[in-house]
Amino acid sequence: MMPLVALVGRPNVGKSTLFNRLTRSRQALVDDTPGLTRDRQYGKGVWEEMPFRIVDTGGFAEPGEEMADRIREQALVAMEEADGVILVTDGRSGLLPDDQEIAERLRRSGKAFVCAVNKCESREADASSGEFFRMGVGDVMPISALHGLGVDDLMERLFAKLHHPEPETAETGHPADTALRVALVGCPNVGKSSLVNRLLGEGRQVVSDIPGTTRDSVDIPFQDREGRWQVLVDTAGLRRKNRISLRVEKYAVMAAMRAMERANVAILVFDAQRGMTDQDRRIASLAWEAGCGLVFAINKWDLLPGAERPTLAQAQKALKEALPEMGHGPIVPVSAMNGFGVEKLLPAARQVWTGMQRRLSTGELNRWLRETVDKHGPPRTGPGQSVKLRYITQVEVSPPLLVVFGNHPEGLADGYRRYLDNQLRER
């Protein structure tokens, strides 16, 4: 087992910057706005050929407000499950009571931990790091997460304190690295984080009825009942462009799009009572353009009155009308609140992923193309000009990409492309 290292501290001390430095990624959102990170964010790093897992947490803030209490609870859970902890503080603002409170919690926990005094790029900040010894912490390390100064010494000190079995090598990797990656996407407040918690069977994500509660994209590796690794990516709710006013919300859209780009399958969660909105269609298009397979989760299905509840066939027909090019994906009616239908989501995603990796033989494809064109040929592009489709071959999988050779390809109408697509899927 790789050791798990948790980053904890007050808001806006640079935990996410250090997380990105250690994982060599831009996975965590970074901004000057306090409280940007809310959920636990997991990643993987390697230090001195030693692989480890790392978890970024929301900042400890004064208890009292509901959201602050939930973020604080997430950080405490991360501290509990971690093998080692890095307490991140701010050398510019100096030692504050919240730093001392967290240090006291860590001392009582008996966890291996070190204190990183961040933002020590200047001599003044570096010199002021000495005041953090007043917390009674033996290991106080001045660093700059932004520039990488002192980070190697910090990790050396932490790993010297960790006692763990011989780890797997960096080349071996974690089984979740090659797992099915599923991104949960959708408009704000449709129940994505509640679905994640229902799928995992634990309170992993911050859940609230405040729209836009999730602002980052969070990777959550886990094993299903068959022991197969999967990674859930819970994303921020995507809003209309004219409603994205805060920089943080702009970053949230970027994070959600990055999540879809690195996912195999996207589960588009939408509200059964609202139906498929223009924004849902835009999100489906973004996932499609990113190369994701699509599963459609109709959440809050249980809130529909019986007389208004469509059959699955009716829902599929309405979806195909709303999304002519993408509406072929499986539909799963669910209720994140009571768990109805949730167990069917990941099998549907795995079925889509399996289909995306299917490779069709060139002979089989060309027999299909001849039969399909003979049944209904492409319309003429002009007087004396007809489109002739001569040959088809598959060049990629995940997602599948098929290339058709012929003359006047620019004259092939979108309607005929959809005809070919529908005929191929039917075959």
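Refer to the structure above for everything that follows.
Residues numbered from 1 in each chain as written. Predicted model: local features only at pLDDT ≥ 70, side-chain atom pairs only at ≥ 80, totals over all residues. Heavy atoms only, no water.

> How should the packing of helix α11 (residues 362-375) against helix α12 (residues 414-426) be read in this particular structure?
The relative placement of two packed helices is expressed as an angle between their axes plus a distance between the axes. Between α11 and α12, the shortest axis-to-axis distance is 11 Å and the interhelical angle comes to 125°. With respect to α12, the axis of α11 lies oblique. You can see that α11 and α12 cross each other, and the crossing is right-handed. Between α11 and α12, the contacting residues are L365, W368, T372, V373 and K375 on the first element and Y416, Y419, L420, Q423 and L424 on the second. (Axes fitted to C-alpha atoms, helices over the stretch in contact; angles between N-to-C directions. Helix = DSSP H or I, 4+ residues; strand = E, 2+ residues; numbered from the N terminus. Parallel < 35°, antiparallel > 145°, perpendicular 65-115°, else oblique. Left-handed = near helix turned anticlockwise from the far one by under 90°. Contact = heavy atoms within 4.5 Å.)

> I would appreciate a short explanation of the packing of aromatic side chains in the present structure.
Within a pair of aromatic rings, the relevant descriptors are the distance that separates the centres and the angle that separates the planes. Counted according to the given criterion, the structure contains four aromatic pairs. With 5.6 Å between their ring centres and 70° between their planes, F52 and F159 make a pair best called edge-to-face. Taken together, the residues span a long stretch of sequence, with F52 in strand β3 (residues 50-56) and F159 in helix α5 (residues 151-161) at a distance of 107 residues. Each member of the pair, F52 as well as F159, is classed as buried. For the pair Y416 and Y419, a centre-to-centre distance of 5.2 Å together with 45° between the ring planes defines the contact as tilted. (Phe/Tyr/Trp six-rings, centres within 6.5 Å; stacked < 30°, edge-to-face > 60°. Buried < 20%, exposed > 50% of the residue type's maximum accessible area, 1.4 Å probe, protein only.)

> Hey, could you run me through the pairing of strand β11 (residues 293-299) in this one?
Within a regular strand, the side chains alternate between the two sheet faces. In terms of burial, β11 is largely enclosed, as seven of its seven residues are buried. Burial along β11 is two-sided: G293, V295, A297 and N299 facing one way and L294, F296 and I298 facing the other are all buried. Taken together, the seven bridges between strand β10 (residues 265-271) and β11 define a ladder with parallel strand orientation. If you follow V269 over to β11, its bridge partner there is A297. Taken together, β10, helix α8 (residues 278-289) and β11 constitute a β-α-β crossover, and its handedness is right-handed. For β11 and strand β12 (residues 331-333), the ladder comprises three bridges, and the chain directions are parallel. When the bridges of β12 are listed, A297 appears paired with V332. A crossover connection joins β11 to the parallel β12 through helix α9 (residues 312-322); in handedness this β-α-β unit is right-handed. (Pairing = 2+ DSSP bridges. Right-handed = clockwise from strand over helix to strand, strands pointing away.)

> Even after reading the chapter, I still don't get the nonpolar core, so can you show me in this structure?
Grouped burial of nonpolar side chains is what soluble globular proteins tend to show. Among the nonpolar cores identified, the biggest contains 56 residues, and L232, V295 and F296 are the most heavily contacted of them. With seven residues, helix α10 (residues 345-356) is the single largest residue contributor to this core. (Core = buried A, V, L, I, M, F, W, Y, C linked by side-chain atoms within 4.5 Å.)

> What's the story with the sheet that holds strand β1 (residues 4-9) in this structure? I'm lost.
What holds strands together in a sheet is hydrogen bonding between their backbones, with the strands either parallel or antiparallel. The sheet built from six strands is open, its strands ordered β2-β3-β1-β4-β5-β6 with mixed pairing. Two strands bound the open sheet, and with one partner strand each, they are β2 (41-47) and β6 (140-142). When the angles between neighbouring strand axes are averaged without regard to direction, this sheet yields 30°. Both β2 and β3 contribute to a ladder of seven bridges, which runs antiparallel. Following the sheet pairing, Y42 is matched in β3 by V55. Along the sheet, α5 contacts β1, β2, β3, β4 (84-90), β5 (112-118) and β6; its crossing angle with β5, the most-contacted strand, is approximately 165°.

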